[in-house]
Amino acid sequence: HSLNNGFISLYKDTEVVELLDSNISQLYNSDTLWVVQFYSHWCGHCQRFAPFWKDLAKSSSAWSPIVKFAAMNCADQSCDKYQIQGTPTIRIFHPKTIPNRLDSAFYGFNLPVKNDNEYFLDTILYNLDVVTSKGIELPVNLRSIRDLPNPTRENLAEFFETLPDTVDHAALIFEPEGGSMGKKVILDMNKHSEVLPVLRANFYDPAARKWKLVSSPSMVIIDRTGNIVDRVNGWGAEDRNRFTNILSSYEDEKLGQSESSETQVTTAATNKYTVPDKV
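Here the structure is a predicted model, which means the values were calculated and not measured.

### Considering the packing of aromatic side chains
What the rule picks out here adds up to 14 aromatic pairs. Ring centres of Trp53 and Phe120 lie 5.6 Å apart, and the angle between their planes is 80 degrees; this geometry places the pair in the edge-to-face category. Of this pair, Trp53 sits in helix α1 (residues 44–59) while Phe120 is found in helix α2 (residues 117–133), placing the two residues 67 residues apart along the sequence. You'll find Trp53 and Phe120 in the same group, each marked buried. Through a chain of ring-to-ring contacts, three or more aromatic side chains come together here, namely Tyr28, Phe38, Tyr82, Phe93, Phe106 and Tyr107. The ring of Tyr119 carries the charged tip of Lys114 above its face, separated from the ring centre by 4.2 Å. Here Arg242 stacks its cationic end above the ring of Trp235, 3.5 Å away from the centre of that ring.

Structural data, given as structure tokens:
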């Protein structure tokens, strides 16, 4: 076991935030949804579970600061005040939880301990929806947009007027109302939302027919002038990574242009998949 700040830890130098008595107050009045594992470094089940928790935190690190994964070692920190009966115990803490021990939310909500990535991601999405329905605003909107614009250049340019001036491209992901892939991509891209916001649209919205979509899910990328510059059809299990990688290539292209002193040339829609090599 490695020592961290003089304390024993299974999570040193990982994406997992280490909670100590001295910093656990950050769970409260927070803008973040925290998923916390209370563990004991000597406990066999905790040791076997640690690689999964590290991987989960790493694969979801782009969801920060909206979602963060944390761990607290009950062998040398005071977990008893959180009514932890045994380790490992996993609790989820909603944003804006008040530090009031008389309120059950203070202790977080129990989740089962299981090695199932999608279970945790879907549970997080469910809890973010609960948080939104309580009126707590998240930095990104995970719900489907209400007024889907028609895919005409004029309407899309008008739609762009509702977005911040910093935005060059926007992506619409069409999926069924109960779908989750689009929500995951929105969270994957949340740090870039001021430049390239990702929005969800209901694939079964009557207004979606005009978009002539081939598959569900589908992603359409538009630019500020109202042009559709990309259409990406969903294939299946790898859609989340594909969609995120394509969106990241737009982001990289923008960074490449802003760092370059050469005259900016608008790339034709057909070239959008290829990111120019760094010269």
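Having seen the model, we can carry on.
### Looking at unusual backbone geometry
With omega at 5 degrees, the peptide bond leading from Ser64 into Pro65 counts as cis. Counting through the fold element by element, Pro65 comes out in the loop between α1 and β5 (67–73). Note the cis peptide between Ser216 and Pro217, where omega equals 0 degrees. Residue position: Pro217 is located in the loop between β9 (198–202) and β10 (218–223). Positive phi values are uncommon outside glycine, yet Gln83 reaches one of about 55 degrees. Inspection of the secondary structure assignment puts Gln83 in the loop between β5 and β6 (89–93). Unusually for a residue other than glycine, Lys96 sits at a positive phi of about 65 degrees.

### A look at the sheet that holds β10
Within a sheet, adjacent strands bond to each other through the backbone by hydrogen bonds, running parallel or antiparallel. In space, the 4 strands of this open sheet follow the order β9-β8-β10-β11, with mixed pairing throughout. The sheet is open, and its two edges are formed by β9 and β11 (228–233), each paired on a single side. On average, each strand axis in the sheet is inclined to that of its neighbour by 20 degrees, with strand direction left out of account. Where strand β8 (residues 169–175) meets β9, 5 bridges bridge the pair, whose relative direction is parallel.

### Considering the state of the cysteines
In this structure the tally under the stated criterion is 2 disulfides. Note that Cys43 is cross-linked by a disulfide to Cys46, the S-S spacing being 2.4 Å. When the S-S torsion is 85 degrees, as for the bridge of Cys43 with Cys46, the disulfide is right-handed. Each member of the pair, Cys43 as well as Cys46, carries the same accessibility label: buried. In this model Cys74 forms its disulfide with Cys79; the gap between the sulfur atoms is 2.2 Å. When the S-S torsion is -90 degrees, as for the bridge of Cys74 with Cys79, the disulfide is left-handed.

### Focus on the environment of Leu19
Along the chain, Leu19 falls in the loop between β3 (17–18) and β4 (33–39). Put simply, Leu19 and Phe38 are 19 residues apart on the chain and 9.3 Å apart in space, counted from C-alpha to C-alpha. When neighbours within four sequence positions are excluded, Leu19 is seen to be in contact with Ile24, Gln26, Leu27, Val36, Ala70, Ala71, Met72 and Gln77.

### Comments concerning the pattern of salt bridges
Summed over the entire model, instances satisfying the criterion amount to 8 salt bridges. The partner of Arg240 in a salt bridge is Asp188, and the shortest N-O contact between them spans 2.8 Å. Of the two residues, Arg240 is situated in helix α5 (residues 239–259) and Asp188 in helix α4 (residues 181–188); the sequence distance between them amounts to 52 residues. Taken together, the shared-partner salt bridges connect Glu118, Asp122 and Lys184 into one network.

### Structural notes on the confidence of the model for the protein chain
Interpretation of this model should avoid reading the predicted coordinates in detail wherever pLDDT is low. Scored by pLDDT, the protein chain comes out at a mean of 89, with 89% of its residues at no less than 70. Across the protein chain, β4 holds the top mean pLDDT of 98, while strand β1 (residues 2–4) sits lowest at 55.

What counts as what
- Residues numbered from 1 in each chain as written.
- Predicted model: local features only at pLDDT ≥ 70, side-chain atom pairs only at ≥ 80, totals over all residues.
- Heavy atoms only, no water.
- Phe/Tyr/Trp six-rings, centres within 6.5 Å; stacked < 30°, edge-to-face > 60°.
- Helix = DSSP H or I, 4+ residues; strand = E, 2+ residues; numbered from the N terminus.
- Buried < 20%, exposed > 50% of the residue type's maximum accessible area, 1.4 Å probe, protein only.
- Lys NZ or Arg CZ within 6 Å of the ring centre and 35° of its normal.
- Pairing = 2+ DSSP bridges.
- Axes fitted to C-alpha atoms, helices over the stretch in contact; angles between N-to-C directions.
- Disulfide = S-S within 2.5 Å.
- Contact = heavy atoms within 4.5 Å.
- Salt bridge = Lys/Arg side-chain N within 4 Å of Asp/Glu carboxyl O.
- pLDDT = per-residue confidence, 0-100.

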